[in-house]
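Observations on the three-dimensional arrangement
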Amino acid sequence: MSAVELNDVVKRYGALEVVHSIDLSVVQGEFVVLVGPSGCGKSTTLRMVAGLEDISGGTISIGGRVVNRMAPKDRDVAMVFQNYALYPHLNVAENIAFGLRVRGEKNAVVEAAVSEAATILDLTPYLKRKPADLSGGQRQRVAMGRAIVRKPRVFLFDEPLSNLDAKLRTQMRAEIRRLHNRMGVTSIYVTHDQVEAMTLADRIVVMNSGRVEQVGSPMELFLNPANAFVASFLGSPPMNLLKATVTAANGAAVARIDGTDDNPAQLTLPAWSAAALDAGQRILVGLRPEHLEIETGTVADVQNIPTTVDLVEPLGSEALLHCRIAGQPVVAKVDTPSDVQKLAEVRQLLMPTDRLHIFDLETGRAVNGRS
Amino acid sequence: MRHFRKSLTLLATCAFLQVGTAHAQDASTKIVANPLELTIHFHFRDKYVYTENWPVEKKAAEWTGIHVKNVASLATSNSRDAFNLLMASGNLPDIVGGDVTGGLKDDFIRYGMEGAFQPLDDLIAEHAPNLKKFFDEHPVVRQTISAPDGHIYFIPYVPEGEYSRAWFIRKDWLEKLGLKEPGNVDELYTVLKAFREKDPNGNGKKDEVPYFAREPIEAVRLINMWDARVSGSERYGDFMVENGKIVHPWTTPNYKTGISKVAQWFKEGLIDTEIFTRGARDREYMLGNNIGGMTHDWFASTSNYTEALKDSVPGINFAPMLPPKTVSGKRFEDSRRATVQPAGWAISYSNKHPVETIKYFDFWFSEKGRILSNWGIEGVNYDMKDGKPLYKDSVLHNPKPVNAQMWEIGAGVPRGYWASYPSEEQWTNKMALDGIAMYKKEPGLLQPEFTGVSMDAKERATYDKYWPSLLTYMTEMQQTWVLGAQDVAASWDAYQARLEQLGLSKVIKVMQTAYDRQYGKN
Amino acid sequence: MTSRMTHYLKGIGEDLRRDWQLYLLALPMIVWFLLFLYKPMEGLQIAFKDFSPFRGIAGSPWVGLENFRTLLEDQIFIRAFINTITISGLGLIFAFPVPIILALMFNELQNEFGRRFSQTIVYLPHFISVVIVAGIVINLLSPTTGVINLILSSLGFEPVYFLTQPEWFRSVFIGSNIWKEAGFESIVYLAAIAGVSPTLYESARVDGASRWQMIWRITLPCILPTIIIMLIIRIGNLVEVGFEYIILLYQPATYSTADVVSTYVYRTGLQGTQYDLATAAGLFNAVIAFALVFTANRISRKVSSTSLW
């Protein structure tokens, strides 16, 4: 039995449909991350699960019960909000206790639960403080404390780390994951940050324009993106996508990179693709920045692509090269040589053929041998 | 200072010489040969100022050679404020006057004694034959406006005529119920009771209001029936004089009887239950709805309703009747026209032409000036017939009331002048005129008016300290009794004690001193 | 000493040069304060003088505390003062919570149209002149034709002539004032409620709070600072009851509960143009009001750490 089940869920505001037919099944104890750009419908979906938004169509069930018409308080979920939603007039202990108090729990029960949550979250010294006197990270922990004392069936996180600075975010990310490992409560987590998604999730749901683009484990999505959107959304820096046209040469498929260059760049496509592509088909060729090389490595099947370097961004042990191939921008992530200056003089990039991704330009769908 | 005095004398002499020559040219009215402009601050009745363009004022300027130029601003719509502001500024024009809420008499006297206005006695004696003659013929007016220091500081607006208000009753209701006009208290009781119970308006409902009134001063007027008075003057809750002694009418044994009887009548429904909250348009409501039976109000305006309502209230005859005889068998009318209105004008300390100014004031009391100030312009507003002015038909048969027409041209405005009753008589309706004649015929109907006392600074301080709270308390108790919240007999002694505690005898004492000084012991 | 002084002045000079735009912005307000609030204070000396407008403030003789003595010896003034405090006090108890309750109720209305409609309706009376309000009240309460009394008599009660009964005056006055002002005053609280983050409510909903609990545990505590500030201001006006409306409603018969300081001053002023006495009464009021506000602010700062200054 899945902990949370979304069946053909639709959200409409008047005539405007913002979430189109979402199907999702979350397994007991699973940590699912909804990720996508802003406005993709991920928060709306989460809020429909929480009961803060009406469901315009389809069904949502939690623990096997359909909750479409159920008030949030009866769904047995707890939610952590982006801006923490702490009550400014209550101290930390009372903030954490709020959910229990409104349910009329006995004082002793409340106190025990609060102190347990505070211990888990390292909040014990701050219990008497007001939210205004806490740091951002502490507030975030209070917000989580408020969720965990309730011991709900499902945790819902709505971009809980967005208001923190980069360092705290990394730290809290780890804490959330640790917390989940410890408590094992089913969690649905919404973020626009693919790094959070990759690091936290058991399974990622990539959403775009109110639709689910792909569902899968982080690596599955990273390695086999179902379409150009997923490909470009996951990974940092994102996958380079070059517009190209398929031409046939010597029995193998060749992609001619679109451009105005006199000498257009060409890529030989992997052998398995020949069957799946037609000559003249417009495609996107995907190249992960970290797969691009400047020196011949150990990989066998490598192609040379002529390029020009616009800009070099050294990151320490690695560097980002902003280049152009046939006029189209491409980013490459390479090891930093001893002399960084040399990178500016790079004239060609090396690409292992079997690492190329191919997407149909029109539909964005991945082209692979199986189809 | 000496230089200033000298030039003043010089000016006065010059003016006198000029008058001498002018006299030769125009025997009656010319005051100065060359036009002289005087400034005036005159804001009145909250919405008018003195206007040199009034036809009446233009005519006066033509006749006297004196042009008065108004400096009062219409920016304020409160004449009292305008006057106070002027006094506070200290920068006074040649003439200061007006007609404001609460009256200006006390102000003229107070500021006159403080030096703001020139005493007029000597000026009148030397230069104002008409005023002198008027004061000689009307010593009460002179006494009334005299300051505690014996001087006169202003020339008042003097009304003419005796009767102001009267008892009005629905004579058609009397006829319908087969009752005769009530001639005494008992008959009045019977009549009011019948109005209450016998459905004289014939609508099948007991909605008749036997006695109603629109003003606070009239609400308890029925205490007259027990020989008690409501006020010694036209001012609400004023003192009265009995055998040379200042008395407050609301402290007398008669008042005790009267107010307890009125309370009883009120309880029996003979007096409007809402009499204290009706307001100014009560007559329209009571008569227009055919429910009001009797009131005490102004002759002229109340007489209009019979004519005005004859279509909507068929058969209505709301007519004046003589005051019913009191329990002691007397017959009296409590109200009257004021001898002197607390309005008029004064000459300020900075006026460099006091002689010309007093002559100008005097002009309005001359026969020519009096006609001008009452009737307007000959040939335009009135014609002379048999030596008497008569309004033209165009004035009488105008949709606007005659007095409103007169105000527009500068006649009948509250400058220091002597109103002429005949000018009013001509446009008063027959019912009112007959009523007044009926009242006039009855001997000894009028009660003496308390014309007020002028107190010196110390007396005034005492009066100001105690009087407002006294009046507050007396009014409060009056309503409390009438409404039946307290019993008169039970609380009368406490009432008297409280009045004493609030300083009544102190107020009476200073007023008595002032009265004796002003009107002479006799 | 002088060097410190010059140093200080120099500091001011530098401030002025650096931030002259800010000072320029503040200037109109400073001038306004000096001209319209501080300059008129000169007139307060009238309270200690036997004032005559013609003689002017400088020319009128000093009388020390005579005017205050007159006031405090006058039982009618004392009664008026007590009435003022009573009416304001009862107003505080009964009228003060109403706009808050109204605001909470509006906040609970889900239908946007219904909400605007009802808000507009309760705001409207604020824009009606007191003269008309008084007229409406007098009509409603009329013993013969008033709706209230018609209802009373149809239920078998005796009609009550409310406006002439001292024991009814306060209820009528405060009640009609609530009707007139509560809607408008609720705007402040609505604004405060609008400032409460909506996620607080969402979070509470998920946590299982009922609407009632949300009002008590979230809305009210969150707008408490606003309530306290309004309360302090209200306490400052405790000795102030506007005279226009009272004058329109009261009768000599109801003086015993209706006569307040401002109406007392109004009557006194009309009788003898006694500016000195009126000023003394005003000053007396102001001093007491100041003491009240000061105390209330103190208490509030201690208890709830919210304060006016």
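**Comments concerning the overall build of chain A**
Along chain A, the regular secondary structure elements total eight helices and 20 strands. Summarising its shape, the C-alpha atoms of chain A cover approximately 80 × 50 × 35 Å along the three principal directions. Across the 371 residues in chain A, those meeting the buried criterion constitute 52%. Taking as baseline every contact in chain A between residues at least 6 positions apart, the subset at least 24 positions apart corresponds to 66%. Only carbon and sulfur atoms are counted for the fraction: they give 48% of the accessible area of chain A, which is about 16600 Å². In chain A, 39 side chains carry a positive charge and 41 a negative one; their mean positions are 9 Å apart.

**Observations regarding the interface of chain C and chain B**
With 34 residues of chain C in contact, the opposing surface of chain B contributes 35 residues. Between chain C and chain B, the buried area comes to about 2900 Å², and carbon and sulfur atoms account for 51% of it. Considering only the surface of chain C that becomes buried against chain B, C:Phe54, C:Gln75 and C:Tyr161 emerge as the three largest contributors, covering 23% of it. At the boundary of chain C and chain B, one finds four salt bridges. The partner of C:Glu66 in a salt bridge is B:Lys465, and the shortest N-O contact between them spans 3.7 Å. Taken together, the connections running from chain C to chain B amount to 13 residue pairs in polar contact (both at pLDDT 80 or more). Residue assignment for the side of chain C that touches chain B shows that the elements contributing at least two residues are α4 (66-73), α5 (75-95), α14 (255-258) and α15 (261-272) of chain C. Among the elements that make up the side of chain C that touches chain B, the one with the highest residue count is α15(C) (five residues). Here the residues of the side of chain C that touches chain B are counted per class, giving 13 nonpolar, 14 polar and seven charged.

**Focus: the packing of aromatic side chains**
Applying the stated criterion to the full structure yields 69 aromatic pairs over all chains. Taken together, a centroid distance of 6.3 Å and an interplanar angle of 70° make the contact between B:Phe168 and B:Phe299 edge-to-face. With B:Phe168 in strand β6 (residues 165-170) and B:Phe299 in helix α13 (residues 299-308), this residue pair connects regions lying 131 residues apart in the sequence. Take B:Phe168 and B:Phe299: they sit in the same class, and that class is buried. The interplanar angle of 20° and the centroid separation of 5.8 Å between the aromatic rings of C:Phe113 and C:Phe117 together place this pair among those described as stacked. Taken together, the residues C:Phe113 and C:Phe117, both in helix α7 (residues 112-123) and four residues apart, mark about one turn of the helix. Given the relative accessible area of 63%, C:Phe113 is considered exposed.

**Some remarks on the sheet that holds strand β6 (residues 77-80) of chain A**
Within a sheet, each strand pairs with its neighbour through backbone hydrogen bonds, oriented either parallel or antiparallel. All names here are of chain A. Spatially, the six strands line up as an open sheet ordered β6-β7-β8-β3-β9-β10, and their pairing is mixed. Edge positions in the sheet fall to β6 and β10 (211-216), since each of these pairs with one other strand and no more. Ignoring which end each strand starts from, the neighbouring axes of this sheet average 15° apart. Here strand β9 (residues 203-208) runs beside β10; their pairing, made up of five bridges, is antiparallel.

**Focus: the interface of chain C and chain A**
In this assembly, 16 residues from chain C lie in contact with 23 residues from chain A. Of the roughly 1700 Å² buried at the junction of chain C and chain A (both faces included), carbon and sulfur atoms supply 58%. In terms of surface lost to chain A, no three residues of chain C exceed C:Val206, C:Asp207 and C:Arg217, which account for 38% of the buried area on that side. The tally of links between chain C and chain A comes to three salt bridges. Here A:Arg146 makes a salt bridge to C:Asp207, at a shortest N to O gap of 3.9 Å. Run the count over chain C and chain A and you get 11 residue pairs in polar contact (both at pLDDT 80 or more). Elements represented by at least two residues in the side of chain C that touches chain A include exactly α11 (198-207) and α12 (211-236) of chain C. Per element, the largest residue contribution to the side of chain C that touches chain A is eight residues, and it comes from α11(C). Broken down by class, the residue content of the side of chain C that touches chain A amounts to seven nonpolar, five polar and four charged.

**Notes on the environment of A:Glu159**
Residue and element names in this part refer to chain A. Here Glu159 is to be found in the loop between β7 (154-158) and α5 (166-183). On the basis of relative accessible area, Glu159 is assigned to the buried category, the value being 9%. Taking the C-alpha atoms as reference, Glu159 lies 23 Å from Lys130; in sequence the two are 29 residues apart. In this structure, Glu159 is in contact with Lys42, Gln82, Val190, Thr191 and His192, ignoring residues within four places of it in sequence.

**Here's the deal with the sheet that holds strand β17 (residues 318-325) of chain A**
Residues and elements named next belong to chain A. Judged by pairing direction, the sheet is antiparallel, and its three strands sit side by side in the order β16-β17-β18 without closing on themselves. Of all the strands in the sheet, just β16 (308-314) and β18 (328-335) have a single pairing partner and so form its edges. Sheet twist, expressed as the mean angle between neighbouring strand axes with direction ignored, is 20°. In the sheet, β17 pairs with β18 via eight bridges, with the strands oriented antiparallel. Residue pairing across strands places Arg324 opposite Pro329, the latter belonging to β18.

**So, the domain arrangement of chain A**
All names here are of chain A. Here chain A is partitioned into domain 1 (2-233) and domain 2 (240-360). Here the C-alpha centroids of domain 1 and domain 2 sit 39 Å apart. Taken together, the contact pairs seven residues of domain 1 with six residues of domain 2. Scanning the region where domain 1 abuts domain 2 turns up zero salt bridges. At the surface where domain 1 touches domain 2, the tally comes to one residue pair in polar contact (both at pLDDT 80 or more). Secondary-structure elements contributing two or more residues to the side of domain 1 that touches domain 2 are α7 (218-223) and α8 (228-233). Broken down by element, the side of domain 1 that touches domain 2 gets its largest block of residues, three residues, from α8. Class assignment for the residues of the side of domain 1 that touches domain 2 results in five nonpolar, two polar and no charged.

**Comments concerning the packing of helix α8 (residues 130-141) of chain C against helix α10 (residues 166-194) of chain C**
Residue and element names in this part refer to chain C. Direction vectors running N to C along α8 and α10 enclose 125°, while the axes themselves pass 11 Å from each other. What the angle tells us is that α8 and α10 run oblique. Between α8 and α10 lies a crossing of right-handed hand. Facing α8, whose interface residues are Val130, Val133, Val137 and Leu141, α10 presents Val172, Ser176, Trp179 and Lys180. Among the residues forming the contact of α8 with α10, the class breakdown is six nonpolar, one polar and one charged.

**A few points about α11(C)**
Burial analysis of α11(C) places eight of its 10 residues in the buried class, the great majority of the element. Of the residues trailing α11(C), C:Gly208 is marked for its positive phi of about 100°.

**Topic: the nonpolar core**
Taken as a class, soluble globular proteins show a tendency for nonpolar side chains to be buried jointly. Core analysis: the biggest nonpolar cluster contains 97 residues, and B:Leu222, B:Phe239, B:Tyr255, B:Trp265, B:Met294, B:Tyr495 and B:Met511 have the highest contact counts within it. The element that contributes the greatest number of residues to this core is helix α20 (residues 457-482) of chain B, accounting for 10 residues. Split by domain, the residues of this core number at least three in each of domain 2 (165-321) and domain 3 (457-519) of chain B. Every residue in contact with B:Met511, bar those within four places of it in the chain, is listed here: B:Phe239, B:Ile246, B:Phe450, B:Val453, B:Met455 and B:Tyr463. Formed by 67 residues, the second largest nonpolar core is a distinct cluster that contains B:Trp63, B:Ile95, B:Trp375 and C:Phe54.

**With respect to the side chain of A:His291**
In this fold, A:His291 is placed in the loop between β14 (282-287) and β15 (302-306). For A:His291, the side chain forms a polar contact with the side chain of A:Arg355, separated by 3.2 Å.

About the cut-offs
- Residues numbered from 1 in each chain as written.
- Chains lettered and ligands numbered in written order.
- Predicted model: local features only at pLDDT ≥ 70, side-chain atom pairs only at ≥ 80, totals over all residues.
- Heavy atoms only, no water.
- Helix = DSSP H or I, 4+ residues; strand = E, 2+ residues; numbered from the N terminus.
- Buried < 20%, exposed > 50% of the residue type's maximum accessible area, 1.4 Å probe, protein only.
- Contact = heavy atoms within 4.5 Å.
- Areas by Shrake-Rupley, 256 points an atom, 1.4 Å probe, with all protein chains shown as cover.
- Lys, Arg positive; Asp, Glu negative; His and termini not counted.
- Charge placed at Lys NZ, Arg CZ, Asp CG, Glu CD.
- Buried area = accessible area lost by both parts, 1.4 Å probe.
- Salt bridge = Lys/Arg side-chain N within 4 Å of Asp/Glu carboxyl O.
- Polar contact = N/O pair within 3.5 Å; in protein donor to acceptor, adjacent residues only side chain to side chain.
- Nonpolar A, V, L, I, M, F, W, Y, C, P; charged D, E, K, R; others polar.
- Phe/Tyr/Trp six-rings, centres within 6.5 Å; stacked < 30°, edge-to-face > 60°.
- Pairing = 2+ DSSP bridges.
- Axes fitted to C-alpha atoms, helices over the stretch in contact; angles between N-to-C directions.
- Domains from an automatic or database assignment.
- Parallel < 35°, antiparallel > 145°, perpendicular 65-115°, else oblique.
- Left-handed = near helix turned anticlockwise from the far one by under 90°.
- Core = buried A, V, L, I, M, F, W, Y, C linked by side-chain atoms within 4.5 Å.

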